[in-house]
Amino acid sequence: MGFSFFTSRAGVRLLDRIARPGVSTAALLFAAASGGGLVVYADSAAESAPEPSQDAPKKKVLVLGTGWAGTSFLKNLDCSRYEVKVISPRNYFAFTPLLPSVTCGTVEARSIVESIRRILEKKNKDVTFCEAECFKIDANKKTVHCCSAVGTNLDGNGDFVLDYDYLVVALGATVSTFNTPGVLEHCCFLKEVEDAQKIRRCVIDCFEKASLPNISDEEKRKILHFVVIGGGPTGVEFAAEMHDFLVEDLVKLYPAIQDFVKITIIQSGEHILNMFDERIAAFAEQKFQRDGIEVCTGFRVIKVSDDLITMKSKSAGKEVSVPYGMAVWSAGIGTRPVIMDFMQQIGQTNRRALATNEWLRVRECEGVYAIGDCATVSQRKIMDDISMVFKMADKDNSGTLTLKEINDVLEDICIRYPQVELYMKSMHMLDIADLIKGAIGDSHKESMVVDTEEFKKALSHVDSQVKNAPATAQVAAQQGQYLAECFNKMEKCKEEPEGPLRMTGGSGRHFFRPFRYKHFGQFAPLGGEQAAAELPGDWVSMGHSTQWLWYSQASELAHEDAGGFRLDSPVHIREGFKPDLVPAAEPDASSSFFCTGISSEE
């Protein structure tokens, strides 16, 4: 280009744009030369122009994980305010509620994933993604140690260190085996997309093996015995998907061995789906009984070998061994090693998850936030702060509280301690007067004035409503959205706080309102185009119509909560960590579960 550019019409137009009223016009001339460049500056005005102010450096936000919590945070974060880096061993987001459907070919793996880079591309900002795994968090030095999942650096390993100003830990959880012998070696899991594909291949292998001519009937029954350990939503849905596959596809594809197939669910509790309403649990058990799915409740698995599952009856104490062909373990979640190491570092020992305050900040750890399955919100109990709450409400220092004084701070109390509102609703109380009536003495009944002891008595049972949110995608997505909104308005809220009054540890208000989980209900697909739903307001729905409600809800969540990805996403999942980002071919109408399930190139 050389100097000729600035003598052209385009150069004149550029200089005209630079010129502003009251500011001297500067001519910038660039000349390219081999090995370097030349910059010439000439001021056309007599007085010197003021130097432009440099923008303050952006705060560094480091996000660990691309699951429901991490993706929801990235989707809602205003990335123009921060320097954002994302670390995850997988470069895609997975819509985990549909994993059981992947195991039997109802849904293709590529249909429930979306590239993280594609999600970040929609932000139109410079966000750095590294496909690596975090193996250590150093809160004192504000650094994280990572290991590359795809290659090595010049030193011969894939380790590197990143610093941060704000750290968002969204690493999720791992499978918990409860130290049961043989589980890791012989059981399949259903936590990741790779797990679903492994189950899919194992199912095919079992049917193909049972079809061999030299297999006895007894061996066929063992090989085609599919055992699900854990009667929660994941295990129940997988069993339902397997049954649908048997009655819809196996009859046509394997007519000779269809009578040897058996599905068993082993549950340590007295009922499956024990986190649901009792009516849903009873409906599911009755449906499975009609479908021929055996449900063994009250049994705890104590050992798994390559061909036997040993379980113990909790009531009779008797041990029973069951032969099996494939076992799927879905009995609970556990803590990742990096989280356990971090908890020991910050003094949170003997816990299953990181403890955060109501604003999702890790306790005793400045600038570190934890969301999703790797964390749990520790709601502060009002009885621990009851004296401070009373003192804050008693503005005239009279030693008593009137109904007006309580109402003046009631909104802040309910925001800071949501269990107060929950308790009043559970007891069908209309207002705070109903709550304190039973606690005040006869001398105060007409004036509705309470002293310290009466105030404590009125709120003594409120903390019974404190409950931890479940480890679900719904909770993780809400936490990610909430935390992103806090980051977006952090500077504004420091000047104009919008949170409740500080009950302890200072005056004024909290910068933000604390996180509050809003439950939208839960679904349990039961196969045969039937499902059960438990929605807010004690509304329970079961049957065929509920299945269509599940389909519509899953589609909406896939589009909105997971970053707006399409269900026909062209991301292909391979064995390993990352998807193959190539355009997906149109599916062949004649393709079946088998011709798509066994290919390692899928």
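The model shown is predicted, which means the values in this text are computed figures rather than measured ones.

The rules behind the values
Residues numbered from 1 in each chain as written. Predicted model: local features only at pLDDT ≥ 70, side-chain atom pairs only at ≥ 80, totals over all residues. Heavy atoms only, no water. Helix = DSSP H or I, 4+ residues; strand = E, 2+ residues; numbered from the N terminus. Expected span 1.5 Å × (residues − 1). Bend = angle between axes of the 7 residues up to and from the residue. UniProt positions renumbered as here; feature names shortened; annotations may be inferred. Core = buried A, V, L, I, M, F, W, Y, C linked by side-chain atoms within 4.5 Å. Buried < 20%, exposed > 50% of the residue type's maximum accessible area, 1.4 Å probe, protein only. pLDDT = per-residue confidence, 0-100. Contact = heavy atoms within 4.5 Å. Pairing = 2+ DSSP bridges. Axes fitted to C-alpha atoms, helices over the stretch in contact; angles between N-to-C directions.

**Student:** Could you give an account of helix H8 (residues 233–253), with specific residues and numbers?
**Tutor:** For an α-helix, the turn length of 3.6 residues means that residues three or four places apart are oriented alike. Compared with the 30 Å implied by 1.5 Å per residue over 21 residues, the 28 Å span of H8 between its first and last C-alpha is a close match. Along H8, the helix axis deviates most sharply at Leu246, where the bend reaches about 40°.

**Student:** I'd love a proper account of the UniProt feature "domain: EF-hand" (unreviewed entry) in the chain, names of residues and values included.
**Tutor:** UniProt's entry tags residues 381–416 with the feature "domain: EF-hand" (unreviewed entry), counted in the numbering of this structure. Secondary structure across residues 381–416 divides into 61% helix and 6% strand, with the first and last C-alpha atoms of the span separated by 10 Å.

**Student:** An account of unusual backbone geometry is requested, with residue identities and associated values reported.
**Tutor:** Positive phi, close to 55°, is recorded for Phe178, a residue that is not glycine. Of note, Phe178 is situated in the loop between strand S11 (174–175) and helix H5 (183–186).

**Student:** Describe the nonpolar core, and please don't skip the residues or the numbers.
**Tutor:** Judged by nonpolar contacts, the single largest core of 88 residues is most densely connected at Phe73, Ile112, Phe207, Leu224, Phe226, Met326 and Phe487. Ranked by residue count, the leading element in this core is H8, at eight residues. Formed by 28 residues, the second largest nonpolar core is a distinct cluster that contains Tyr417, Ala433, Leu459 and Met503.

**Student:** Before we move on, can you summarise the confidence of the model for the chain with the specific residues and values?
**Tutor:** This prediction gives the chain a mean pLDDT of 83; 79% of its residues lie at or above 70. Contacts from residues 1–53, a stretch scored under 50 in pLDDT, to residues over four places away or in other chains number 41 contacts. Residue range residues 561–602 is modelled with pLDDT below 50. Its contacts to residues more than four positions away, or to other chains, number 106 contacts.

**Student:** Describe the sheet that holds strand S27 (residues 530–535), listing the residues and the values that go with them.
**Tutor:** Read across the open sheet, the three strands follow the order S26-S27-S28; overall the sheet is antiparallel. Where the open sheet ends on each side, the last strands, each with one partner, are strand S26 (522–527) and strand S28 (539–543). Averaged over all pairs of adjacent strands, the angle between strand axes in this sheet comes to 10°, irrespective of strand direction. Here five bridges tie S27 to S28, and the two strands are oriented antiparallel to one another. Pairing of Ala531 across the sheet is with Gly543, part of S28. Sheet contacts for helix H9 (residues 278–291): S26, S27 and S28; angle to S28, the most-contacted strand, approximately 10°.

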